[in-house]
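What follows is the residue order along each chain.
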Amino acid sequence: MKNSIAALISGIIFGLGLAVSEMINPTRVINFLDITGTWDYTLALVMGGALAVTVIGFPLVMRRSHPLFTEKFHLPTRSDIDSSLLGGAALFGIGWGLAGLCPGPALAGLASLSPSIFMFVAAMIVGQIIGGKVQDMLAK
């Protein structure tokens, strides 16, 4: 129960941060990617702020013997770059550039009750289901 409450509070804080920084607005993201037109630098400021918090906070957290709400840290063990990583990154980037949304801001944007965001999230869920089935077929 404690883990669920911590996850909920973290999600609410993350969603509020996305809303306050207007990263749930697809136009803001698309304008960030339009460096020769109506370029909007604010996403760079949001990313810079997140990077600053991570650079300072991650080493402090890793000094602990374990996280607050579980027995051990769950860190990635793979460091290789393979076709799945590159393909996934390419698909993510293409989708982000076309729609101006990625999963986190899209989920936070559901609170706006925008029909286009609901359609994006529905398409995202369908894509995840299809992607999982394709991945299962390829693994056989």
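All figures in this text were calculated on a predicted structure; none of them were measured in a lab.

A.B. asks: How should the layout of surface pockets be read in this particular structure?
C.D. replies: Gaps left between atoms are located by rolling a probe of water-molecule size over the structure's atoms. The computed volume of the largest pocket comes to approximately 710 Å³. Lining the largest pocket are 20 residues, and of these G88, L91, F92, G127 and G131 sit closest to its centre. Counting only elements with at least two residues in the lining of the largest pocket, the list comes to α4 (83–99) and α6 (115–139).

A.B. asks: How do you make sense of the packing of aromatic side chains when you look at a structure like this?
C.D. replies: We describe a pair of aromatic rings using the distance from one ring centre to the other and the angle between the two ring planes. Scanning all chains against the criterion turns up 3 aromatic pairs. Considering the side-chain rings of F32 and W39, the 6.4 Å spacing of their centres and the 35° angle between planes classify their relative orientation as tilted. An aromatic cluster is defined as three or more aromatic residues linked by ring pairs; in this entry it consists of F32, W39 and Y41.

A.B. asks: Where do I start with the pattern of salt bridges in this structure?
C.D. replies: If charged atoms from side chains of opposite charge come close, those side chains can pair. Applying the stated criterion to the full structure yields 4 salt bridges. The closest approach of N and O atoms between E22 and R28, which form a salt bridge, is 2.9 Å. Look at R28 and you get buried, because its relative accessible area is 18%. A salt bridge links R28 to D40, with the shortest nitrogen-to-oxygen separation between them at 2.7 Å. Placement of R28 in helix α2 (residues 26–33) and of D40 in the loop between α2 and α3 (42–62) is noted, with a sequence separation of 12 residues between them. Salt bridges sharing common partners tie together E22, R28 and D40.

A.B. asks: How should I be thinking about a nonpolar patch on the surface in this particular structure?
C.D. replies: A cluster of nonpolar side chains, V126, I130, V134, M137 and L138, forms an exposed patch at the surface whose accessible area comes to about 510 Å². You can see V134 is positioned in helix α6. Relative accessible area serves as the criterion here: at 36%, V134 is assigned to the partly exposed category.

A.B. asks: Please explain the nonpolar core as it appears in this structure.
C.D. replies: Generally speaking, nonpolar side chains in soluble globular proteins are found buried as a group. Within the largest apolar cluster, 8 residues are counted, these being L18, M23, I24, V29, F32, L43, W96 and C102. In this structure V29 touches M23, L43, W96 and G100, once residues within four positions along its chain are discounted. Of all hydrophobic cores here, the second largest spans 6 residues; its members include L101, I117, V121 and M124.

A.B. asks: What is the right way to look at the packing of α2 against α4 in this model?
C.D. replies: Angle between the axes and distance between the axes are the two parameters that describe a pair of packed helices. It is at 7 Å that the axes of α2 and α4 come closest, and there the two elements cross at 115°. In terms of orientation, α2 and α4 fall into the roughly perpendicular class. Residues P26, V29, I30 and L33 of α2 touch α4, and the partners they reach there are W96, G97, L98 and A99. Within the contact of α2 with α4, the residues separate by chemical class into 7 nonpolar, 1 polar and no charged.

A.B. asks: I would appreciate a short explanation of unusual backbone geometry in the present structure.
C.D. replies: Of note, E22 is a non-glycine position whose phi angle comes to about 65°, a positive value. Note on placement: E22 falls in the loop between α1 (2–20) and α2. Residue E22 is classed as partly exposed on the basis of its relative accessible area, which comes to 35%. Positioned with a positive phi, L113 is a non-glycine residue whose angle comes to about 60°. Note that L113 resides in the loop between α5 (103–109) and α6. Assessed through its relative accessible area of 63%, L113 is described here as exposed.

Analysis parameters
Residues numbered from 1 in each chain as written. Predicted model: local features only at pLDDT ≥ 70, side-chain atom pairs only at ≥ 80, totals over all residues. Heavy atoms only, no water. 1 Å grid on protein atoms, 1.4 Å probe; cavity = no way out; pocket = protein on both sides within 12 Å on 5 of 7 lines; lining within 4 Å. Points joined across faces, edges and corners; volume = space filled by probe spheres on them. Helix = DSSP H or I, 4+ residues; strand = E, 2+ residues; numbered from the N terminus. Phe/Tyr/Trp six-rings, centres within 6.5 Å; stacked < 30°, edge-to-face > 60°. Salt bridge = Lys/Arg side-chain N within 4 Å of Asp/Glu carboxyl O. Buried < 20%, exposed > 50% of the residue type's maximum accessible area, 1.4 Å probe, protein only. Patch = residues over 30% accessible without salt bridge, like charges linked within 9 Å, V, L, I, M, F, W, Y side chains within 5 Å. Areas by Shrake-Rupley, 256 points an atom, 1.4 Å probe, with all protein chains shown as cover. Core = buried A, V, L, I, M, F, W, Y, C linked by side-chain atoms within 4.5 Å. Contact = heavy atoms within 4.5 Å. Axes fitted to C-alpha atoms, helices over the stretch in contact; angles between N-to-C directions. Parallel < 35°, antiparallel > 145°, perpendicular 65-115°, else oblique. Nonpolar A, V, L, I, M, F, W, Y, C, P; charged D, E, K, R; others polar.

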